[in-house]
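A look at the structure
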Amino acid sequence: MNALVIKIIALSTMIIDHYGAVFQSGIDIYRIIGRLSFPIYCFLLVEGYFHTSDVKKYALRLLMFAFISEIPFDLAFFNEIGFVHQNIFFTLFLGLVTIYIIDDKSINLKYVKYAAIPVSCILAIVLAVDYNIIGIIYILSFYYTKKHTKLKRFSLIGLIMASANLGAYILQQFSLLALPIVYFYNGKPGPKNKFLQVSFYAAYPLHLLLFYLIKSRFLF
């Protein structure tokens, strides 16, 4: 499977998850399906880091959509604009900055590299980003196992994810079902154009805004 196919799976399962959270909170199947989404996005983030020609533009794009998405996120899930819990783009941004600091050869100060992970985890907790510290662990697990053989890599990631999920609610263990999907990634991007790329980013705030409008009876 190429990157485009995997992105479509991630987007589809995320929308199903959010539909369940907003409209069918008592039915677990939507949330179970939705557990596949975030690990795939973490995988794609790490792949994107290694393939992008400009990490800073990549990070800026994530941060921009984090702020764009926050109001629709708050309205869809909390019915108010409170900035109490931050959306997934903030998590991905934190993860990307962390692996950039760890990996960048131009940063010679070792204490900065050593501090990157604990500082990122603290920020994830303090800012209450989606998936919290688990999100940072997922991203780092894909990053640190990048050089392993495929089978060993995904075995290690599975163990790390299962361990990270122990303190979370029990449905979170279904996130492990995402690993077989990314295991069959063929390393190819698939069809690429700017409109398609922006569409995947824009789909996040747009579907959340749509769900809020439906829930609030502004539509239909």
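The structure we're discussing is the one just above.
The structure presented is a predicted model; accordingly, all values stated were derived computationally and were not measured. (Residues numbered from 1 in each chain as written. Predicted model: local features only at pLDDT ≥ 70, side-chain atom pairs only at ≥ 80, totals over all residues. Heavy atoms only, no water.)

**Regarding the packing of helix 4 (residues 55–78) against helix 5 (residues 88–103)**
Each packed pair of helices is defined by two parameters, the angle between the axes and the distance between the axes. At a closest axis distance of 8 Å, the pairing of helix 4 and helix 5 adopts a crossing angle of 160 degrees. Judged by the angle between their axes, helix 4 and helix 5 are roughly antiparallel. Our pair here, helix 4 against helix 5, has a crossing hand that is left-handed. Contact residues: helix 4 offers V55, K56, Y58, A59, L62, L63, F65, A66, F67, S69 and E70, while helix 5 offers F89, F90, L92, F93, L96 and Y100. Each residue belonging to the contact of helix 4 with helix 5 can be placed in one class, and the counts come to 14 nonpolar, one polar and two charged. (Axes fitted to C-alpha atoms, helices over the stretch in contact; angles between N-to-C directions. Helix = DSSP H or I, 4+ residues; strand = E, 2+ residues; numbered from the N terminus. Parallel < 35°, antiparallel > 145°, perpendicular 65-115°, else oblique. Left-handed = near helix turned anticlockwise from the far one by under 90°. Contact = heavy atoms within 4.5 Å. Nonpolar A, V, L, I, M, F, W, Y, C, P; charged D, E, K, R; others polar.)

**A few points about the side chain of H18**
Along the polypeptide, H18 turns up in helix 1 (residues 3–23). Judged by its relative accessible area of 7%, H18 is buried. Excluding residues that lie within four positions of it along the chain, H18 makes contacts with F77, Y204, H207, L208 and F211. (Buried < 20%, exposed > 50% of the residue type's maximum accessible area, 1.4 Å probe, protein only.)

**Here we look at the packing of aromatic side chains**
Here the structure, examined in full by the defined rule, presents 21 aromatic pairs. Judged by centre distance (6.0 Å) and plane angle (10 degrees), the ring pair of F50 and Y143 falls under stacked. With F50 in helix 3 (residues 37–51) and Y143 in helix 7 (residues 132–144), this residue pair connects regions lying 93 residues apart in the sequence. Residue classification places F50 among the partly exposed residues on the basis of a relative accessible area of 35%. Here the aromatic cluster, defined as three or more aromatic residues joined through ring pairs, consists of F43, F142, F154, Y183, F184 and Y185. In this structure, K7 packs its charged tip against the face of F200, placed 5.8 Å from the ring centre. The positively charged end of R153 is found above the aromatic ring belonging to F154, 5.6 Å away from the centroid. (Phe/Tyr/Trp six-rings, centres within 6.5 Å; stacked < 30°, edge-to-face > 60°. Lys NZ or Arg CZ within 6 Å of the ring centre and 35° of its normal.)

**Describing the environment of F43**
Among the structural elements, F43 can be located in helix 3. It is 15 Å that separates the C-alpha atoms of F43 and L62, two residues lying 19 residues apart in sequence. Beyond its immediate sequence surroundings of up to four residues, F43 is in contact with I6, F142, R153, F154, V182 and Y185.

**A closer look at the pattern of salt bridges**
Tallied over the entire structure, the rule returns four salt bridges. Here R31 makes a salt bridge to D17, at a shortest N to O gap of 2.5 Å. Of the two residues, R31 sits in helix 2 (residues 28–34) while D17 sits in helix 1, which places them 14 residues apart along the sequence. Residue class for D17 comes out buried when judged on its relative accessible area of 6%. The closest approach of N and O atoms between R153 and E47, which form a salt bridge, is 3.9 Å. With R153 in helix 8 (residues 150–164) and E47 in helix 3, this pair connects stretches of sequence that are 106 residues apart. (Salt bridge = Lys/Arg side-chain N within 4 Å of Asp/Glu carboxyl O.)

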